[in-house]
Amino acid sequence: MRYSEMFLPTGREIPSDAELISHQLMIRAGMIRKLTGGIYSYLPFGYRAIRKVEQIIREEMDRAGAQEVFLPMVQPAELWQESGRWVHYGKELLRFRDRHEREYCLGPTHEEVITDLVRHEIKTYRQLPRNLYQIQTKFRDEIRPRFGVMRCREFGMKDAYSFDADEAGAEISYQKMFEAYKRIFTRCGLNFRPVEADSGAIGGSFSHEFMVIADSGEDAIVFCGACHYAANLEKAEVAKPDQPENTDPPLPIEEIHTPGVKTIEEVCAFLRVKPGEVVKTLIFSADGVAVAVLIRGDQEVNEVKVKNHLGCESLELAPDDLILAATGSPRGFAGAVGIKTRIIADYSLLGMTRCIMGANREDYHLRHVKPGRDFQVEAHADLRVIRETDPCPRCGGAIHLARSIEVGHVFKLGTKYSKAMKALYLDATGREQTMIMGCYGIGIGRTVAAAIEANHDSDGIVWPLPLAPYQVIITPVNVNEKSLSETANRIYDTLKDKGVEVILDDRDERAGVKFKDADLIGIPLRITVGPKKLAEGKVEIMSRRSKEVIDLPIDAVEAFVLSKISEGM
RNA sequence: CGGGGCGUAGCGCAGCCCGGUAGCGCGCCUGCUUUGGGAGCAGGAUGUCGCAGGUUCAAAUCCUGCCGCCCCGACCA
């Protein structure tokens, strides 16, 4: 493409409303423009990058035996009522009515639609397994869209759904997708890591997230330096401690006046003790019912673990009125002694022989409380957030924490949707069975953003070759000099004939402007046609990533470029 | 939804306290010079100052309401 004819509005100024580097660069490199909150237009340059990712995904999905479909974005309410998610999905589901007052939603995901399709068409085990995927725009009415294309309301997603006759088959389908995902993200040039994840409201027994390590990521992950264990922070298990640590002899319980002392820090300062000697009593509202969760004062509760342990639909820290009703005191003085709610405790309480906790009475705490003697716990469980100082739950090795961007997620769904929506088949013995499902998503725009987040320098984007919207840019330093212009055109035609994706920067701009733009938009190879080298019959080829420049005779350019491209640079 | 910030030319911003002719840089247009890392000179175009009310002789500026955007939190497949 001739640059002079391209719709590629680049910018020098950093957009004021973009925080992330990838977001800033996508705007500056003319890839995206915002239409409204969380909704973006992709310009030609950005859309080419999107299509590169899509193409890689298509090839790997097809290779793994999945077949592409295209499903509607507008979906009828009835389907969602059937799965139960019309009620449970919440406000992220954008609902609306048509002229006949019938209710619809914009698809945030397509389990219902695909399950409906498959249940009507697949009747026998002979038609299983099947894996269908699509690349579609999804809409989720996010409370707070942010980070540009990273977390927006309208976004492109690949979603695949597998249907199997039994668990063993479902496991194979899952593994196939897992392998396909590894190939996809490897081909995208991303440094990623699959981690165990909580399956959340989507349900199912098991899931992995594919994470790209990046400081700007929204997610925190944990991984072991010694073994292969890796998990989302909210999923990461904490090993059950073997031995009681505290051997202090028990003492009689004692009430102490602690006026206005509420937080762990305040208690520690006031009583001159360490957080590890205090027990936090957090009152949660689990589906509206108060539950007390106990944890050592130096630890943090992992709400996902609490939610999973309780098996509740919703979990949040209790509002003040519920705390008052449950403990008889205002926030800040809750304790386990004498409380009427369910009590569950983190493993960190095991072996404590005495501790300090709230007295369920305003301005009072208790000391020398002995768990088991002064209160009973319904269960001890792993309820806390793992820390970098904790051992790996698998091998005991040292673990590390990192920020990361979730680009893909694979789930074993089990029968959550097939059961609710009656996706049944007849097995070899003629008995009716429920299909076992899996679902597998990739955020396309987010993958591109993550690639930029991980591949840029102070001059702009540094595209990994497989995602680069163009592979080569030819820069004649002065288009008004006929020899330069002609040489550039000749190289351009040659490369184009060979199928190379190439830009000819034929703009009547100063060389500096062209170089800056070429760097900004991150084209992997730049061929500079200038007067000095041309006098020797040569041009310069610069690698965007390494900034290394080599001189080549004009005749050798084609072979060089083709070999660079075929070796993936 | 709670807290904070911001809406002035295509982009980045000043002006607002203390009311009185709407500005700067970049970009854009024209001409000349220049031509290997965002050129120089000269000339030029561009604004319902987010919207709606109010106060005032007079509002970008003060007051009220609304809308939009950004950040933090809550929330979240």
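Residues numbered from 1 in each chain as written. Chains lettered and ligands numbered in written order. Predicted model: local features only at pLDDT ≥ 70, side-chain atom pairs only at ≥ 80, totals over all residues. Heavy atoms only, no water.

## A word on the packing of helix α2 (residues 44-63) against helix α6 (residues 167-187)
Okay, so step 1: At a closest axis distance of 9 Å, the pairing of α2 and α6 adopts a crossing angle of 150°. It follows from the interaxial angle that α2 and α6 lie roughly antiparallel. Handedness of the α2/α6 crossing: right-handed. Contacts from Ile56, Ile57, Glu59, Glu60, Met61 and Arg63 of α2 reach α6 at Met177, Ala180, Tyr181, Arg183, Ile184 and Arg187. (Axes fitted to C-alpha atoms, helices over the stretch in contact; angles between N-to-C directions. Helix = DSSP H or I, 4+ residues; strand = E, 2+ residues; numbered from the N terminus. Parallel < 35°, antiparallel > 145°, perpendicular 65-115°, else oblique. Left-handed = near helix turned anticlockwise from the far one by under 90°. Contact = heavy atoms within 4.5 Å.)

## Comments concerning the pattern of salt bridges
Okay, so step 1: Scanning the model with the defined rule gives 44 salt bridges in all.
Okay, so step 2: Taking the shortest distance from any N to any O, the salt bridge between Lys52 and Glu501 comes out at 2.5 Å. Of this pair, Lys52 sits in helix α2 while Glu501 sits in the loop between α12 (482-497) and β28 (502-504); the two residues are 449 residues apart in sequence, bridging distant segments of the chain.
Okay, so step 3: Glu501 sits in the partly exposed class, given a relative accessible area of 21%. (Salt bridge = Lys/Arg side-chain N within 4 Å of Asp/Glu carboxyl O. Buried < 20%, exposed > 50% of the residue type's maximum accessible area, 1.4 Å probe, protein only.)

## Overview of the sheet that holds β28
Backbone-to-backbone hydrogen bonds pair the strands of a sheet. The strands run either parallel or antiparallel.
Okay, so step 1: Overall, mixed pairing links the five strands, which are arranged β28-β27-β29-β30-β31 in an open sheet. Whereas interior strands pair on both sides, the edge strands pair on one side only; in this sheet they are β28 and β31 (549-553). The average undirected angle you get between the axes of adjacent strands in this sheet is 25°.
Okay, so step 2: Summarising the sheet, strand β30 (residues 538-543) and β31 pair through five bridges and their orientation is antiparallel. When the sheet's bridge partners are listed, Glu540 is paired in β31 with Asp551. (Pairing = 2+ DSSP bridges.)

## What to know about the nonpolar core
Okay, so step 1: Within the largest apolar cluster, 61 residues are counted, with the highest numbers of intra-cluster contacts made by Met31, Met61, Tyr181, Ile184, Phe185, Val448 and Trp463.
Okay, so step 2: A domain-level breakdown of this core finds at least three residues from each of domain 1 (3-237 + 401-452) and domain 3 (470-566).
Okay, so step 3: Ignoring any residue separated from it by four or fewer positions in sequence, one finds Met61 in contact with Ala66, Tyr133, Lys158, Ala160, Met177, Ala180, Tyr181 and Ile184.
Okay, so step 4: Listed in part, the 24 residues of the second largest apolar core include Phe163, Ala423, Tyr425 and Met437. (Core = buried A, V, L, I, M, F, W, Y, C linked by side-chain atoms within 4.5 Å. Domains from an automatic or database assignment.)

## With respect to the side chain of Asn455
Okay, so step 1: Looking at where Asn455 falls in the secondary structure, it is placed in the loop between α11 (444-454) and β25 (456-457).
Okay, so step 2: Assessed through its relative accessible area of 9%, Asn455 is described here as buried.
Okay, so step 3: From its side chain, Asn455 meets the backbone oxygen of Ala451 in a polar contact 2.8 Å long.
Okay, so step 4: Those residues in contact with Asn455 that sit more than four places away from it in its chain are Gly189, Ile461, Val462, Pro464 and Arg545. (Polar contact = N/O pair within 3.5 Å; in protein donor to acceptor, adjacent residues only side chain to side chain.)

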